[in-house]
Structures are given as C-alpha cells and as structure tokens.
Amino acid sequence: MTQSIDQPILSVRGLKTHFDLREGLIKAVDGVDLDVKRGKTLCIVGESGSGKSMMAKSVLQIVGGPGRVVAGSMVFSRDGIKSVDIAGLDPKGKEIRAIRGRDIAMIFQEPMNSLSPVHTIGDQLVEKILLHHRIAPRQAIERTVDALDRVGIPDPRRRLASYPFELSGGMRQRVMIAMALACRPAMLIADEPTTALDVTTQANILELIKELQQETSMGVMFITHDLGVVAEIADEVAVMYLGRVVERGSVDDIFYRPQHPYTLALLDSIPKLGARHTAGQRLKAIEGMVPHPLNRPEGCPFNTRCREAAAGLCDRIEPSLRELGPAHLAACHMRDPQYAGVKARMEA
Ligand SMILES: Nc1ncnc2c1ncn2[C@@H]1O[C@H](COP(=O)(O)OP(=O)(O)OP(=O)(O)O)[C@@H](O)[C@H]1O
Ligand code: SF4
Ligand SMILES: [Mg+2]
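Everything numeric in this text was worked out from a predicted model, so none of it was measured. (Residues numbered from 1 in each chain as written. Chains lettered and ligands numbered in written order. Predicted model: local features only at pLDDT ≥ 70, side-chain atom pairs only at ≥ 80, totals over all residues. Heavy atoms only, no water.)

### Topic: the nonpolar core
Here comes step 1: Residues Leu-188 and Phe-222 are the most contacted members of the largest nonpolar core, which totals 57 residues.
Here comes step 2: Ranked by residues supplied to this core, first place goes to helix α6 (residues 169-182) with eight residues.
Here comes step 3: Each of domain 1 (121-177) and domain 2 (260-272 + 284-347) accounts for three or more of the residues forming this core.
Here comes step 4: Discounting chain neighbours no more than four positions away, the residues touching Leu-188 are Ala-105, Ile-107, Ala-180, Leu-181, Ile-209, Met-218, Gly-219, Val-220 and Met-221.
Here comes step 5: Leu-10, Val-59, Ile-189 and Val-245 belong to the second-largest nonpolar core, a separate cluster that totals 31 residues. (Core = buried A, V, L, I, M, F, W, Y, C linked by side-chain atoms within 4.5 Å. Buried < 20%, exposed > 50% of the residue type's maximum accessible area, 1.4 Å probe, protein only. Helix = DSSP H or I, 4+ residues; strand = E, 2+ residues; numbered from the N terminus. Domains from an automatic or database assignment. Contact = heavy atoms within 4.5 Å.)

### Section: the site of ligand 1
Here comes step 1: Around ligand 1 sit 14 residues, and of these Ser-48, Gly-49, Lys-52, Ser-53 and Met-54 come closest.
Here comes step 2: At a separation of 2.4 Å, an oxygen atom of ligand 1 approaches a polar side-chain atom of Ser-48.
Here comes step 3: At a separation of 2.8 Å, an oxygen atom of ligand 1 approaches a polar side-chain atom of Lys-52.
Here comes step 4: Here ligand 1 has 630 Å² of accessible area as a free molecule, and 69% of this is covered by the chains.
Here comes step 5: Mapped onto the shell around ligand 1, the elements with two or more residues apiece are β2 (24-36) and α1 (52-59).
Here comes step 6: No other element matches α1, which puts three residues into the shell around ligand 1.
Here comes step 7: A breakdown of the residues in the shell around ligand 1 according to their chemical character gives five nonpolar, six polar and three charged. (Near = heavy atom within 4 Å. Polar contact = N/O pair within 3.5 Å; in protein donor to acceptor, adjacent residues only side chain to side chain. Areas by Shrake-Rupley, 256 points an atom, 1.4 Å probe, with all protein chains shown as cover. Nonpolar A, V, L, I, M, F, W, Y, C, P; charged D, E, K, R; others polar.)

### Details of the sheet that holds strand β11 (residues 322-325)
Here comes step 1: Spatially, the eight strands line up as an open sheet ordered β6-β7-β8-β3-β9-β10-β12-β11, and their pairing is mixed. One side of each edge strand has no neighbouring strand; the edge strands of this open sheet are β6 (104-107) and β11. Along the sheet, successive strands turn relative to each other by an average axial angle of 20 degrees, direction set aside.
Here comes step 2: Each of β3 (41-45), β6, β7 (187-191), β8 (219-223) and β9 (236-241) is contacted by α1, which is oriented at about 150 degrees to β8, the strand it contacts most.
Here comes step 3: Sitting on the sheet, helix α10 (residues 261-268) touches β3, β9 and β10 (244-250), and the angle it makes with β9 is about 100 degrees. (Pairing = 2+ DSSP bridges. Axes fitted to C-alpha atoms, helices over the stretch in contact; angles between N-to-C directions.)

By themselves, these are just geometric observations and shouldn't be taken as functional.
Now the structure itself:
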C-alpha cells in the first residue's frame, strides 16, 4: 500500500521562480525547500508578497510569463515508487498536463477563474473526469453527481444543468472543490480557498478536505493567512518571507516552540489562540513594511524589521535553514551555535 511509504509526495529543493522585468529582477521565490507528505497537511503562512502563490503555481508549472522557474527541483511521486522532477518538465508539455488535474489538483480563492462561464457545471465535471479516466460517460455522470453531493450541493442531479453564474459564491467554491477532488488527486494545493467564505461554509469545506484526505491519503498544501485555520488543520507548517522558507516544523513546533524572529512576530500579531475575541480587538501589525521586491535587503531578508538583527552579520550574510530539533528548521544566525559569541555580545 502506498500509504505506508515514507517518501514525500512532493519534495521541493532550492526552488527559485524569478520575474525578469525591465525595472529589475523580482525574486518571487528564492530558494524554497519543503516537503508534502502522504495523508498530511502542510500549511504555508507568511505576509502578502512572501511568494506563497508563486511557489504553488511553480509546482504546477503555471507561473505566467515573464515569471520562470529558474532553479531547483520539485520531485513528485504519486505512488512512492516512480518519481518525476516537475522542474524539468516543459510547462506546455503532455506530462505536466497529465499531472495537473489528475495527480495534483489546485483550488484558488476565486472559483470563477477555474470554472468556464459558458459551460454547465455538469459538462465541466464530466469532461474533466473523462479526460483522466477511461470510463463510460454514464459512469462519469454518476461520479459527478456523487462529487457534488459530497461537497454539500443540494439536489446535485438537478444542478448538473446550472451555469456557474447561477450559483452563489459559496456554491461555486464547492463546485470547484468537487472538480478538484473528483479525480482523487494524490495531492491538493489549496491557495486560500476559504478566505472569501462565511465561517460555516469555511468549516464545512475544511472538514470535507480532511475527510477525503483520510480516505485517500491525499497530501495537502494549504496556503492561508489565518493562523486559526493553521492550528486546526496543519500537521506541518512552513513560514515564508520574501520568497524563502524561514522556518518549518510540526504545527506544535511552530505554535509552541517558534524560533525565527519572523515567526515570533507573526504569532504575536494575532490574538492568543483560544482567547475570546472581544469587540474592537485589533490584530497588531508586524513592525515595519515588507520591502519592495526590487529592494531586497542584503543578508537576511528579514533584517530590516528584525529586533534581534546583528549589524555586520545579519545585513551581510544570508542564513540558511538549519535543523534545530527533529524536522524543525529555521534560518536565523541568532539560532546558529556558530554565532553564539555575537549573540552573547549583543545581550551583554
Ligand atoms: N506577474 C507578476 N509580475 C511581477 N511580479 C510578480 C507577478 N506576480 C507576482 N509577482 C511578485 O511575486 C512576489 C510574490 O507574490 P505572491 O503572489 O506569490 O505572494 P503571496 O505570498 O501569494 O501574497 P498574498 O498573500 O497577497 O497572496 C510579489 O513580490 C509579487 O510582487
Ligand atoms: S538572521 Fe538576523 S536579521 Fe535574520 S531573523 Fe535572525 S536575527 Fe533577525
Ligand atoms: Mg497569494
């Protein structure tokens, strides 16, 4: 059984996705390392512009021009036996098109982008299933009805004839999720799929993803700004800043043993988990602004906002991810024993 195989479904190493613009080079993703495991959920967090969506799009080779994957590997293994490096595939080629949709499904915040406005829900879902599976059209229709039912669409058989514009935002989101999950992908990439939805629909959809994950051992990469959602669904967390993963570990490592000053600042910016929201309670913003991507700081990308930054070190040398505990990594000089002397002098 593939479920017992330890090899990650997706192993990303040194991924760089750059935009070569007339104004300069934008390093949207600049050396990302992460793994998505079978049956597990990896949450990606980080402020706006940290490269979360570009990293996700890189995995499917759908970065629009002039963006381009310029370095790194993205080794994908559906069954834990055979594997393929997606970074080496032609973005327009047959192989990546077969992986997209059949092996790795993606759901976005705005469902209208992935649903055709001129075809019925039924036609779109049936066509997608027929594209990836050798089954009779009648069976594909039954599978479609089942998929719509699973995502909580009332009277799914009748809904086959509806067009996307005839559905509410929440229903469209469910249809998109049904479409993503109908082919039983090995992996799901969800880029803030529930941000625009009301709390109840959001909870239902998270529950549905979890259920399907348990049934099929699907690996999930879930991008969100909402640390409450992270606490609820993540097995592992990767924190991104300016195109890099600055800390990753188990959900407990990140919430209870955070190490990177950026992770600490992110956690500090939310009301304590579990604390009751009181009227007027505001999220604290992290001090300072994310630098413009054309103005990437030298050295550690976070040094312009970091309270612990050591002049002469943090603004010169970029820290790399180091293991601090089992499968818990952070990229910070102040957590590196090599620089313990610098830290001690700063604290003196
Ligand atoms: N088409 C583009 N041309 C040039 N730069 C781009 C383009 N798309 C994205 N970028 C840049 O890539 C960087 C990463 O963007 P990305 O959309 O991945 O961030 P994000 O973490 O998903 O943010 P958000 O939380 O707002 O969705 C940003 O600096 C952005 O300006
Ligand atoms: S390397 Fe320096 S600037 Fe970067 S997070 Fe650590 S202390 Fe802060
Ligand atoms: Mg995004």
